[in-house]
Amino acid sequence: MSIKAGLVGLPNVGKSTLFNALTKSSIPAENYPFCTIDPHVAITEVPDKRLDKLATIYKSGKKIPSTVQFVDIAGLVKGAAEGEGLGNTFLSHIREVDLILHVLRCFEDQNIVHSGNVDPISDYETIVSELMLKDLESVEKRLAKLDHSRKAAQGKPAELKEIETEKNFLLSVKTALEACDEQKVCSLFAQNKILTIPLLSSKNFLAIANIAEHELENDAYKNNPHYQAVLKKFGPEKTIAVSAKIEHELSQLPETEAQEMMKMIGLKEKSLDTIIRQTYKNLGLITFFTCGPKEAHAWPILRDTNVRAAAGEIHSDLERGFICAEVFNCSDLFEHKTEPKLKELGKIRREGQDYQVQDGDIILVRFNV
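I will try to describe carefully the structure that is included in this document.

The rules behind these values
Residues numbered from 1 in each chain as written. Predicted model: local features only at pLDDT ≥ 70, side-chain atom pairs only at ≥ 80, totals over all residues. Heavy atoms only, no water. Buried < 20%, exposed > 50% of the residue type's maximum accessible area, 1.4 Å probe, protein only. Helix = DSSP H or I, 4+ residues; strand = E, 2+ residues; numbered from the N terminus. Pairing = 2+ DSSP bridges. Phe/Tyr/Trp six-rings, centres within 6.5 Å; stacked < 30°, edge-to-face > 60°. Lys NZ or Arg CZ within 6 Å of the ring centre and 35° of its normal. Axes fitted to C-alpha atoms, helices over the stretch in contact; angles between N-to-C directions. Parallel < 35°, antiparallel > 145°, perpendicular 65-115°, else oblique. Left-handed = near helix turned anticlockwise from the far one by under 90°. Contact = heavy atoms within 4.5 Å. Nonpolar A, V, L, I, M, F, W, Y, C, P; charged D, E, K, R; others polar. Core = buried A, V, L, I, M, F, W, Y, C linked by side-chain atoms within 4.5 Å.

In this section: the pairing of strand 8 (residues 285-291). Regular strands place side chains that alternate from one sheet face to the opposite one. Burial analysis of strand 8 places six of its seven residues in the buried class, which makes it a mostly covered element. Alignment of strand 8 against strand 9 (residues 295-302), held across seven bridges, turns out to be antiparallel. In the sheet register, Cys291 faces strand 9, and the bridge partner there is Ala296. Between strand 8 and strand 9, which pair antiparallel one after the other, the connecting turn spans three residues.

Structure below.
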């Protein structure tokens, strides 16, 4: 499953440093705008303790975790919608991702270039206003196309009705875009399932508050006025505090040394793990497992996926020749220890193709091709 989360922000907010930490890679992260010109893409493992337990229970030879793709996108400047800086390229790259991670600078450092005073909310609004300007251009083009289609659809009532429905919806969206009302745009797309053009400003997102390394100790960042402003605007479900510099340093260390460093600075969990898990959650993904002595494998799928389609993630032959699936949840296995005990308790079920896979399900597919 190819699903991407894009790191977005103004130049020099810590995007590339965070990307390097997330992916344990070494793309350039220099102190000048547009160091990142082409989007760098990398695949990151999703931390999941359940996979470790399952590998132990099944004595699996190897573990294959779920993954998420992260994209480091070039820094944006005001005027991007009109092509300023790398504007058009930047906006096209955002269009290709499924979730936006807004990296917002919440630290003071005179040695790192920044346009004006540090103001994460202003930075966010600069980006969103550019997205909305580009969306307005896209909506106006689509409305013009619909007017042309309307003339060609005369005498076709069903087709005309679809065109009018989409046109009325887009006119409401246009009004919201012209008013720079981001919440209204998102609300319109959330409430309506009308098939139309996708908009940049309606994409799901998380806010990554990049704080100074010294603010990690004793959660000092919670008193940082920049962080507080981000938290107030987006709420705890959408806000993640991270020191990109510290996380990058931790990512370069062996695990034992990283744990020692975390103890020294009072960091209970890597912020990267929180980012990865929240990204996974906000992408609407869940995990199912296939397990055996050869491997324990975690598979990412969209929530509400049926078991036949899930089988197709393993191999297309399994979907094409699907007969049924034997299903039980890993939570039951952890509680009752063995598959024979689960069978005795009736916890292992045989499900048809319309069964919706649940997070943590362990699946054995029966098929015939």
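What follows concerns the packing of aromatic side chains. Inspection of every chain in the model, using the stated rule, returns six aromatic pairs. Ring centres 6.0 Å apart and planes at 40 degrees place the aromatic pair Tyr124 and Phe205 in the tilted group. In this pair, Tyr124 is assigned in helix 4 (residues 120-152) and Phe205 in strand 6 (residues 204-210), connecting sequence segments 81 residues apart. For the pair Tyr124 and Phe205, a shared accessibility class is recorded, and that class is buried. Measuring from ring centre to ring centre gives 6.3 Å for Phe288 and Trp299, while their planes differ by 15 degrees; the resulting arrangement is stacked. Of this pair, Phe288 sits in strand 8 while Trp299 is found in strand 9, placing the two residues eleven residues apart along the sequence. The residues Phe288 and Trp299 share a single accessibility class, namely buried. These aromatic residues form a ring-pair network of at least three members: Tyr124, Phe205 and Phe234. Lying across the ring of Phe334, Lys53 places its NZ or CZ 5.0 Å from the centre.

Bringing the packing of helix 8 (residues 244-251) against helix 9 (residues 255-265) into the picture now. At their nearest, the axes of helix 8 and helix 9 sit 9 Å apart, and the two run at 150 degrees to each other. With respect to helix 9, the element helix 8 is oriented roughly antiparallel. Crossing hand, helix 8 versus helix 9: right-handed. Counted together, Ile246, Glu249 and Leu250 of helix 8 and Ala258, Met261, Met262 and Ile265 of helix 9 form the full contact between these two elements. Class assignment for the residues of the contact of helix 8 with helix 9 results in six nonpolar, no polar and one charged.

Our focus in this paragraph is the nonpolar core. The biggest cluster of nonpolar side chains holds 75 residues, and the ones touching the most others in it are Leu18, Phe70, Leu101 and Ile275. Ranked by residue count, the leading element in this core is helix 4, at ten residues. Setting aside its immediate chain neighbours within four residues, Ile275 contacts Leu18, Leu22, Leu101, Ile208, Ile240 and Val242. Core analysis: the second largest hydrophobic core is formed by 15 residues, Phe288, Val307, Ala311 and Val357 among them.

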